[in-house]
Amino acid sequence: MKILFVVSEVEDLAKTGGLADVAKSLPIALKALGHDVRIVKPYYKQLADKFKLPNLTDEQHLQAGDKEYRFNIKGLELETVPVYCIDYPEYFHRAGLYSDGYEAFGDNAERFAFFSKAALQAAVAIDFQPDVVHCNDWHTALCPYFIKRDQSGFFARTHTLLTIHNGAYQGVHRFADISFLRPHGELAAQIDTHGNLNFLKTGIQFADKINAVSPNYARELLTPLGSHSLYHEFQHRANDVSGILNGCDYQQWDPATDPHLPANYTGESLPGKGLCKQALQKEVGLPEKPDVPLIGMLCRLTEQKGFGYLLPVLNQLLQHNVQLLVIGTGDPVISDVLQFNAAQFPDKLVFRNDFSTRMAHLLEAGSDFFLMPSLFEPCGLNQMYSLAYGTIPIVRAVGGLRDTVLDLQTLPEQATGFMFEAPDSSALLNCVRRAMLFYYEYPEHFKQMQKRAMRQKFTWYDAALNYQALYQHCQPMDN
Ligand SMILES: Nc1ncnc2c1ncn2[C@@H]1O[C@H](COP(=O)(O)OP(=O)(O)O[C@H]2O[C@H](CO)[C@@H](O)[C@H](O)[C@H]2O)[C@@H](O)[C@H]1O
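Residues numbered from 1 in each chain as written. Predicted model: local features only at pLDDT ≥ 70, side-chain atom pairs only at ≥ 80, totals over all residues.

As annotated in an unreviewed UniProt entry, the chain is Glycogen synthase from Bowmanella yangjiangensis. As its UniProt record puts it under Function (unreviewed entry), the chain is described as follows: "Synthesizes alpha-1,4-glucan chains using ADP-glucose." One UniProt comment on the chain, placed under Catalytic activity (unreviewed entry), says "[(1->4)-alpha-D-glucosyl](n) + ADP-alpha-D-glucose = [(1->4)-alpha-D-glucosyl](n+1) + ADP + H(+)". (UniProt positions renumbered as here; feature names shortened; annotations may be inferred.)

Here's what the structure looks like:
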């Protein structure tokens, strides 16, 4: 099959979160199954600073109303997968991908409406007639609409899949302000009573199929509580909504070969993990105590990750004989509270306002537990990385976390972690206490759990097989 994978960020090229991990690993896995898959993404400053790429075609022209956009298509290969980058410096040559670090860019609607259209034009320019356009999240959710309305015939046999990595971000913007879409008066039918166009909602309406990044999140999207206020839209498309669990890139996340670690280790030989713990404690300035449980947390600092009920009990949690290391960037209110608590408990809590791949790997290897108390979690990748590193996840039973972690209480013989249900502080605190008790009182069982965790496998090969089946499902009956 010919697959055009349209996405905002890709690991190794430009990244803010888990979307990038998927956008690298899935196309590579699909290519390995024999498909002709091409990625299209913006030529962000992050990427342009790293690679000065050549233009692959003549300058492109895109007319939207009375404005003419002139852009270039640059190219590179990411482990055999061709990547086409839309070069339009006015929109993409900025310090951040979506914001200046404090506020979202005011013209994000223009930027991503343009990108979605330009990505399709790139397919025409390189003469790649896709069987499927696979778009991802709100940034590219207008692609199905543009394809359905395309008059050229180029996409007459193209079908569309919209993957939802995070339904909370929907791209809601005042339609009247999006000059790029002015020629598309028909979108006015999508506008809400406040005059807003919701990109994700438009994608849900026009895509041939919609999938979430885990089966459980797909089920949640079909409920009033889990639908991010898009209950009716998801219900309306219920027969076309499914879930495919993300994979873990075990080449990149293998403690036996990980070049970021001071010592490598396997499930059969765990001493290297102790050395990683010591190195991590030393690096961040925590007391080098091998027997005190070290809980790591690494994520974007946002409500989604459960800070709303974690921060109020930090003080109580840190009364225990425990160490907590939090690494992340994002909401300055969350980072202020973390900073404040770290100053109160310098021997127990360290907060690093940092985005570092090396530290992500060291934290995964050196921690005993990985805390992921998410309010919602479409799939979650870090709990999979934790399992691979024998770092026991403490998670809330939500989204993909429920699909990937088995709790001690429910399944003692197969358990790989600790899970709590209610999104509140006391449930979280009880769960962490349960995990600490297990660590202190049953060290041998804890080790068994680590080994079991390391044997779990969530491969991109399996995910790619599921996507392949879904793409086939997007095709018309006569194909
Ligand atoms: N400070 C930091 N330094 C270095 N690396 C950092 C970092 N903060 C985060 N990362 C990295 O970013 C990625 C985060 O991935 P997640 O899936 O856990 O969350 P995210 O919410 O971004 O993704 C969304 O999309 C993915 C992909 O579908 C879903 O799994 C998820 O549930 C959904 O919320 C991981 O690779 C992690 O190591």
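Caption draft 1: Region of interest: the site of the ligand. The environment of the ligand is made up of 27 residues, and the closest members are Gly-17, Gly-18, His-165, Cys-379 and Leu-381. Elements represented by at least two residues in the shell around the ligand include exactly α1 (18–32) and α13 (357–366). For the shell around the ligand, the leading source of residues is α1, giving 4 residues. Partitioning the shell around the ligand into residue classes produces 11 nonpolar, 12 polar and 4 charged. Each of two domains, domain 1 (2–247 + 461–474) and domain 2 (271–456), supplies a minimum of three residues to the shell around the ligand. (Near = placed C-beta within 6 Å. Helix = DSSP H or I, 4+ residues; strand = E, 2+ residues; numbered from the N terminus. Nonpolar A, V, L, I, M, F, W, Y, C, P; charged D, E, K, R; others polar. Domains from an automatic or database assignment.)

Caption draft 2: Spatial organisation of the sheet that holds strand β12 (residues 294–298). Spatial strand order, β14-β13-β12-β15-β16-β17: 6 strands in an open sheet with parallel pairing. Two strands in the sheet have a free side with no partner beyond their single neighbour: β14 (349–352) and β17 (418–420). Averaged over all pairs of adjacent strands, the angle between strand axes in this sheet comes to 20°, irrespective of strand direction. Here β12 runs beside strand β13 (residues 323–327); their pairing, made up of 5 bridges, is parallel. Each bridged residue has a counterpart across the sheet, and for Leu-298 the counterpart in β13 is Ile-327. Set on the sheet, helix α12 (residues 332–344) makes contact with β13 and β14; between it and β14 the angle comes to about 145°. Its contacts with the sheet place helix α16 (residues 425–441) against β15 (369–372), β16 (392–396) and β17, and it is angled at close to 165° to β17. (Pairing = 2+ DSSP bridges. Axes fitted to C-alpha atoms, helices over the stretch in contact; angles between N-to-C directions. Contact = placed C-beta atoms within 7 Å.)

Caption draft 3: Unusual backbone geometry, seen in detail. Phi angles above zero are rare outside glycine, and Asp-12 is one such case at about 80°. Looking at the secondary structure, you find Asp-12 in the loop between β1 (2–6) and α1. You can call Asp-12 partly exposed: it has 14 C-beta atoms within 10 Å. Backbone geometry places Asp-127, a non-glycine residue, at a positive phi of 55°. Take Asp-127: it is sitting in the loop between α4 (108–125) and β6 (132–136). On the basis of neighbour count, Asp-127 is assigned to the exposed category, with 8 C-beta atoms found within 10 Å. (Buried ≥ 20, exposed ≤ 12 C-beta atoms within 10 Å, placed from the backbone.)

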